[in-house]
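# Observations on the three-dimensional arrangement
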Amino acid sequence: MIDYSDLGPVDYVIVEFVDGEHHVPAAMTRSLLDLVDRGIIRVLDLLIVEKSATGDIAVTEIEDLGKASELRSLTGTLAEILAADDIDNLARAIRSDATAAVIVWENIGVASLSASARQVSAQIVAQGRIPSRAIVATLEADHPMAD
């Protein structure tokens with residue numbers, strides 16, 4: 001059993017696949033497993049969500065991906081934290097008639113900060129994520145490219 005008492009920040013990403021693709025692409029699988037192997041993240045949940053043209057949602061959990069999927073190696077760390085309501089909300093970001101991976105992970109590198117804070121009776125009271133697109137837009141506005 002995995003100890004989640006010193007959980008680091010938890011993030012999620014929804015990656016919509018190219019039209020007609022219904023599996024996590026090999027390059028994406030390799031990148032994800034590399035982050036796990038290097039101890040940078042711990043995958044807490046991973047689902048494949050298919051949204052039909054009429055908006056119906058079908059979910060495939062990692063253990064149902066098939067024995068050939070390298071992602072099945074993650075099943076030992078999964079907390080399976082996404083509930084049906086969460087999936088319905090996340091599926092709003094997916095185009096109709098498309099498939100996407102929903103990945104929830106813990107940032108292990110920051111978990112030690114959380115544990116250290118608790119040891120001195122401090123606590124992390126808020127956390128958030130700044131979308132990378134917002135940062136790029138700000139940087140480009142502050143430092144326009146020379147013509």
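Everything discussed here concerns the structure shown above.
Residues numbered from 1 in each chain as written. Predicted model: local features only at pLDDT ≥ 70, side-chain atom pairs only at ≥ 80, totals over all residues. Heavy atoms only, no water.

### Considerations on the environment of Trp105
- In this structure, Trp105 sits in strand β4 (residues 98-107).
- Placed 63 residues apart in sequence, Trp105 and Arg42 show a C-alpha to C-alpha distance of 5.4 Å.
- Every residue in contact with Trp105, bar those within four places of it in the chain, is listed here: Pro9, Val10, Asp11, Tyr12, Val13, Ile41, Arg42, Val43 and Leu44. (Helix = DSSP H or I, 4+ residues; strand = E, 2+ residues; numbered from the N terminus. Contact = heavy atoms within 4.5 Å.)

### Quick word on the nonpolar core
- Counting 16 residues, the largest nonpolar core has Leu32, Val43, Leu46, Leu71, Leu74 and Ile103 as its most contacted members.
- Among the elements of the structure, α1 (26-37), β2 (41-51) and β4 are those that each provide at least two residues to this core.
- Top element by residues in this core is β2. It accounts for 4 residues.
- Of all hydrophobic cores here, the second largest spans 12 residues; its members include Ile87, Ile94, Ala100 and Val104. (Core = buried A, V, L, I, M, F, W, Y, C linked by side-chain atoms within 4.5 Å. Buried < 20%, exposed > 50% of the residue type's maximum accessible area, 1.4 Å probe, protein only.)

### Side note on the pattern of salt bridges
- The final tally for this structure, using the stated rule, is 3 salt bridges.
- The residue Arg95 makes a salt bridge to Glu16 at a minimum N-O spacing of 2.5 Å. Pair noted here: Arg95 is in the loop between α2 (84-91) and β4 and Glu16 is in strand β1 (residues 10-16), with a separation of 79 residues, a long-range link.
- Measuring nitrogen to oxygen at the nearest pair gives 3.0 Å for the salt bridge that ties Arg38 to Asp34.
- With relative accessibility at 52%, the residue Arg38 sits in the exposed group.
- A relative accessible area of 36% places Asp34 in the partly exposed class. (Salt bridge = Lys/Arg side-chain N within 4 Å of Asp/Glu carboxyl O.)

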